[in-house]
Amino acid sequence: MGMKSDIELIKDGKRLDGRGVNDLRPITIKAGVLERADGSCYVEWGGNKVLAAVYGPQECLPKHIASPHRAVLTYRYNMAPFSVEDRKRPGPDRRSIEISKISKEALERVVLLEKFPNTMIKVFVEILQADAGTRCAALTAASVALADAGIPMRDLVTACAAGKIGGEIVLDLGKKEDNFGEADVPVAILPHTKEIVLMQMDGQLTPEEYRKALDLSIDGCTKVYELQKKALRERYVEGVD
Amino acid sequence: MGMKSDIELIKDGKRLDGRGVNDLRPITIKAGVLERADGSCYVEWGGNKVLAAVYGPQECLPKHIASPHRAVLTYRYNMAPFSVEDRKRPGPDRRSIEISKISKEALERVVLLEKFPNTMIKVFVEILQADAGTRCAALTAASVALADAGIPMRDLVTACAAGKIGGEIVLDLGKKEDNFGEADVPVAILPHTKEIVLMQMDGQLTPEEYRKALDLSIDGCTKVYELQKKALRERYVEGVD
Amino acid sequence: MGMKSDIELIKDGKRLDGRGVNDLRPITIKAGVLERADGSCYVEWGGNKVLAAVYGPQECLPKHIASPHRAVLTYRYNMAPFSVEDRKRPGPDRRSIEISKISKEALERVVLLEKFPNTMIKVFVEILQADAGTRCAALTAASVALADAGIPMRDLVTACAAGKIGGEIVLDLGKKEDNFGEADVPVAILPHTKEIVLMQMDGQLTPEEYRKALDLSIDGCTKVYELQKKALRERYVEGVD
Amino acid sequence: MAESIAWEIKSDYIHSLAQKGIRQDNRAMDEYRPIEVIPNYIPRALGSALVRLGATQVLAGVSMLVGQPYPDSPNAGVLMTGCELVPLASPTFEPGPPDENSIELARVVDRGIRESKAIDFEKLCITEGEEVWMVMLDLHVLDYDGNLFDAAELASTTALWNTRIPKYEDGQIIREEAKEKLPISEKPIECTFAKIGNTIMVDPALEEEKALDARVTFATTDKILCAGQKGGSGSFTREEIDYALDMAFKKGKELRKLVKVI
Amino acid sequence: MAESIAWEIKSDYIHSLAQKGIRQDNRAMDEYRPIEVIPNYIPRALGSALVRLGATQVLAGVSMLVGQPYPDSPNAGVLMTGCELVPLASPTFEPGPPDENSIELARVVDRGIRESKAIDFEKLCITEGEEVWMVMLDLHVLDYDGNLFDAAELASTTALWNTRIPKYEDGQIIREEAKEKLPISEKPIECTFAKIGNTIMVDPALEEEKALDARVTFATTDKILCAGQKGGSGSFTREEIDYALDMAFKKGKELRKLVKVI
Amino acid sequence: MAESIAWEIKSDYIHSLAQKGIRQDNRAMDEYRPIEVIPNYIPRALGSALVRLGATQVLAGVSMLVGQPYPDSPNAGVLMTGCELVPLASPTFEPGPPDENSIELARVVDRGIRESKAIDFEKLCITEGEEVWMVMLDLHVLDYDGNLFDAAELASTTALWNTRIPKYEDGQIIREEAKEKLPISEKPIECTFAKIGNTIMVDPALEEEKALDARVTFATTDKILCAGQKGGSGSFTREEIDYALDMAFKKGKELRKLVKVI
């Protein structure tokens, strides 16, 4: 956020890539793309390429973290070294650990963990190519991978960000908009109840702008949800072929 | 020890901060200063600010280090990053690990570990501001925190250093005396029996000088012991209020 | 391999140290050189000085890696910091980990692991001075140390390398031959059956050259085997003295 | 961690109280515990502050190093925020490298300060592209009785407002001559809300944290929201977020008065 | 790891099939699974390729940094090969630092490329003794269904052949202007053979890998052998090695055709 | 570690012997085990020595690097002492980073050498404030049968006295031309005493170490005490310390004769 630049991020309601303020980038979602994982999903979202895999429910290791009341859910967000311009050193950094934590908490709201006491459900997301908005793309993919793995859920989790660039509130920031924009508000909701399960904000917004961004990101989620459903439908049809 | 300097550390029997050769720096000890710990103690000793906490006796984890004959005692000496001029990187360094080891061994002499087989007693000391003599201040605080936690002990452990500056044996070196002085002898004793439970020495001393420093540090310990008792008495009185 | 240099590594069939193409460097092997280990061996091989120790069969820790069918074998190849010109930082590097893995696999072929289910046999090798060919010297020493520990084996493992320097296939590369030569083929065999249990190759060889190098290294192993037997015989004689 | 029966019972109790609009310590839902702020608690550090929030104690300390700027902002100083949840402060804190909780804490505190644009980083440039001041902000939690976010942000803002920059001459940092103040203009404050059942309450104490369904934190300056973070396995409605946002500005104004500058 | 009964039964079955000259998927002993090579799979990376070998998927990506040369080759660029067996790809992969398997994989792939002299490292020198290009080759395994060596080498060779070098000006790497190709001349290919009982088969699938007695890999260019690696607890006869070597050259020629350059 | 019954029985036995003034190997209380010192055991290292003390074997090796001096002593070389208790040497040593025992050993050995002022660090300055020699002293324990402190100090002092400084030209270290001796003047020796019951004995063997109540080490040169370290869960009386101190000077003189310079 907030790096200085002479770039005019928005002009006559059009953004650098030609989108309007309420437009998402092109999104493709495909479920069931990996052999070994119990469930998987591939998401392309603008320049983001994200792969999610789910393993479990399975034996909880190490045992001392197991719960007799519910499954333990783990979430690992990881960036491939070549996913960003400056090579990312392998292994979790502080940003990845924070994203993993809040994404896990978002999923805990929907996965029926109490159905699988003493077990573990593991979600892994790999960012293969990073544009802006990887945490939303990752969580969106993870949620489809969980469904693909047949894990019972209250609802899907759907994520999308809104932000502020050039003084306007817009949907789904791209890379340059993220670097040079004024604020970013990634949000994840349950599409049916509109409950907010993930929310972060950084940058500078008045309370009114924040409310507008929140509303816009929830709208965005609703559109992304349709693509999630479509991917699962295609997977199901493919599955019975 | 032994850094070169033109500073005259002692002149007409007076040291840089006006102390005589046998004088301690000002010391304040307060027991029971933390909510969560089972026992705690805060010590200000010259420019040192030290906080000690005790947890236990409690379940010994990992289990394989437990003993069926006695409690396992752990000691963690840690410096806050801002406690020294050049920021200390977080996490234990080699010096901290050595200090922790010998301090633990000193306390093992007094804590009635055999009363609590299969358990663990954990001592944590944080150096919030470091002058010289932090290991002695830390061990002095730890011993009070153990008493505050109600852990049965043979005696308190009391620590104090003596050293050599400007050719003379003096009590309780300050920061500059430690940097530019000739020798340092930190010592911990049991006040009742005068048993020596911790002793280190570095620098250059003749055997006679070493003996003199040892005697002086034992004298210092006796004075510090009075302040430890006072802190525990105040804590007790406060406790029954 | 393959560093550039004006050094003529071979001239009139003689190598830098005067050896012919099929000659080993001087090798000394001594079994039973350590007090604490269950079995041990010291090997000098050219400028290599290598010490191997064996512990076990003993309780397998951590327990979850134990097998009810056979002993677990571990192998740790380690270089002392002063063993190479540029001080080696302590701890395993990637090269050491790879060497340890393939050496362990070589020994698994001969040790009668199935005789000791649920246990662990640990092999440690320290490179005290490194010339070229340390992995072969290490594995040769490890095999004698296992025999010295009385661990039942199908056969010894014997290792030796061949390589290409100055256009010719030669036995047992020395340091400069390794740095400036064209290829290196370390091999380990079971002397009785000539089975190949370790083989690596790097550099550039035609298929014919590779076959020649493989044959030559197997010949070398046969010579090294005689020295292994001699060391064990001497140890036995010494043992009954 | 094995779940403790005791915590579960306490959690049920706190939920049932919340349903009746009561907190275990009888605070109002929008009431903070008593707060004490001690600037310069570590006088030899370049900046520091201790905050006591109920029994929670957080110490923030500032060190200043000279380092290279980031390639993409060659004329700007750097802020790095670290956090150690030292095991002295709680039976649940383990020694070792920062875990997800201490990383989240450090990063949320850091964002509050950074995004408020409180620090004028360009004034921390020594030589463009080569040397800049690195503001090392270290959070040291001394006693953990809940709501570390708000205590840590308050301690950090206070520590930074009381930070002096050392003299820098011939490649040497001279800490004894640290007279210049850190260039700082805003006082970002974080306010954290717990959702327990359908009740939203500010400044959750330890037992409330253990019992909460969801948590939301907003960092504000007088008129601007500069950071937000939702946590916990539960969810918020749109209305609950609205309520917390407004309350964060209101309580922020109160807490901001506690940032004393000596 | 506790040995799984299921794997043991499957292993016995694969051994008994091998004795009859059959593989579980009815492949010939010298037959690879279907191979798909997608160059530039990560278009924003300087070089990349995805290889699908049966259900195995390996993604290789190339980053270029500027760094110091090694003291003993002051005018040569540097190749560094890393490998992450990310837990997404297999239930047996654990998060954490590289284990012996991922280290062996990275090192064998690296040797194949390095020793083939495919890359002209001297052309990667920027200023002798001071600055050289560092070719960072990262292997990211996405789906592990056996024979990572061959898939990873094929992905790496393809990624490197499609790698562009960024512009470097005034100490800045300008990735947007990456037009020059990496100087590369050979296409090293690795072929891996499993020995199961007395049968040698190429391209072991996962179940075959779990059942194998010994494994041997050869990296070849058209006429030259440039790396070899034996693995596994079993052994090879001299004749078996000979057979594998000849087959490695033969299959190598076939696989080399799949290295597409865009 | 589970306490072994065998060690407890042995410990009781050693205590009862000590009460009668006897040691298990019939040594006098002030008698060392046989000592062998082999200078230049690793001829290719710049300095090295192997010490055998009974069955204990410690190898010290010296490497020399060029590095930056500490800011507070810009014209002085640097000594760094590391220690690996490699698992080859004892069933109780674990692979992995140095534990508290190896750290204590390295630091006590280091203090003995450093505080004796044996090494003239100012002669190790190459360019003030920029480049100095770094003396890397590495202790490698090969066989652990008790009293590593004394064996390691003796090996270190001998290794350093036999250390040559490489030639340094145009930023290159030329190890082949290492003719100059390390500037060293004193021969610090450490003597370690075990207290078992009320008996003080020098040079504890392994079983005595396991049985000891307390341990004290003094590092001395001819007339000067330069380091001291008490260890163990027991305590010393003032008189016991006095006795050990005098004995450390006496035995130090004997051991010093073993420091051979080739």
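For the structure, see preceding data.
Bear in mind the structure is a predicted one, so any value in this text is a computation, not a measurement. (Residues numbered from 1 in each chain as written. Chains lettered and ligands numbered in written order. Predicted model: local features only at pLDDT ≥ 70, side-chain atom pairs only at ≥ 80, totals over all residues. Heavy atoms only, no water.)

Caption draft 1: Just the overall build of chain D, in detail. When its secondary structure is counted, chain D shows 5 helices and 14 strands. Taken over C-alpha atoms, the radius of gyration comes to 19 Å for chain D, in line with the 18 Å a tight globule of 262 residues would show. Overall size of chain D, expressed as C-alpha extent along the three principal axes, is 65 × 40 × 35 Å. The buried share of chain D, reckoned over its 262 residues, is 60%. Taking the contacts inside chain D whose residues are at least 6 apart along the sequence as the reference set, 70% of them involve residues at least 24 apart. (Helix = DSSP H or I, 4+ residues; strand = E, 2+ residues; numbered from the N terminus. Rg over C-alpha atoms; globule rule 2.2 N^0.38 Å. Buried < 20%, exposed > 50% of the residue type's maximum accessible area, 1.4 Å probe, protein only. Contact = heavy atoms within 4.5 Å.)

Caption draft 2: How the structure looks around helix H5 (residues 238-256) of chain F. With 19 residues, H5(F) extends 27 Å from end C-alpha to end C-alpha; this agrees with the ideal 27 Å at 1.5 Å per step. For H5(F), every residue scored as buried is listed here: Arg238(F), Glu240(F), Ile241(F), Ala244(F), Leu245(F), Met247(F), Ala248(F), Phe249(F), Lys251(F), Gly252(F), Leu255(F) and Arg256(F). (Expected span 1.5 Å × (residues − 1).)

Caption draft 3: Summary view of the interface of chain A and chain D. Contacts between the two partners involve 37 residues from chain A and, on the opposite side, 42 residues from chain D. Summing the contributions of chain A and of chain D, the shared interface buries around 3,300 Å²; its carbon and sulfur component is 48%. Counting across the chain A and chain D interface gives 7 salt bridges. Where Arg111(D) meets Glu98(A), a salt bridge forms, and the shortest distance between an N and an O atom there is 2.6 Å. (Buried area = accessible area lost by both parts, 1.4 Å probe. Salt bridge = Lys/Arg side-chain N within 4 Å of Asp/Glu carboxyl O.)

Caption draft 4: Highlighting the interface of chain F and chain B. Between chain F and chain B, the contact holds 42 residues from the first and 37 residues from the second. The contact between chain F and chain B buries some 3,300 Å² in all, and 48% of this surface belongs to carbon and sulfur atoms. Where chain F meets chain B, there are 7 salt bridges. Across the contact surface, chain F and chain B share 24 residue pairs in polar contact (both at pLDDT 80 or more). The biggest single contributor to the side of chain F that touches chain B is helix H2 (residues 100-115) of chain F, with 9 residues. Pairing analysis gives 4 bridges linking strand S11 (residues 196-205) of chain B to strand S14 (residues 225-231) of chain F, with the strands arranged antiparallel. Residue Asp202(B) lies in a different strand from S14(F), and its bridge partner there is Ala227(F). (Polar contact = N/O pair within 3.5 Å; in protein donor to acceptor, adjacent residues only side chain to side chain. Pairing = 2+ DSSP bridges.)

Caption draft 5: Representation of unusual backbone geometry. Put simply, Gly56(A) and Pro57(A) share a cis peptide bond, and its omega is 0 degrees. In this structure, Pro57(A) sits in strand S5 (residues 48-59). Leu61(B) connects to Pro62(B) through a cis peptide bond whose omega is -5 degrees. Backbone geometry places Asn40(D), a non-glycine residue, at a positive phi of 55 degrees. Structurally, Asn40(D) is set in the loop between strand S1 (35-39) and strand S2 (47-53).

Caption draft 6: Region of the structure containing the packing of aromatic side chains. Enumeration over the complete set of coordinates arrives at 12 aromatic pairs over all chains. Taking 5.6 Å as the distance between ring centres and 80 degrees as the angle between the ring planes, the aromatic pair formed by Tyr210(A) and Phe218(D) counts as edge-to-face. One end of the pair, Tyr210(A), is in helix H4 (residues 207-240); the other, Phe218(D), is in strand S13 (residues 214-220), on a second chain. The residues Tyr210(A) and Phe218(D) share a single accessibility class, namely buried. The ring of Trp7(E) has Lys10(E) lying over it, and the distance from NZ or CZ to the ring centre is 5.9 Å. The ring of Trp161(E) has Lys187(E) lying over it, and the distance from NZ or CZ to the ring centre is 4.7 Å. (Phe/Tyr/Trp six-rings, centres within 6.5 Å; stacked < 30°, edge-to-face > 60°. Lys NZ or Arg CZ within 6 Å of the ring centre and 35° of its normal.)

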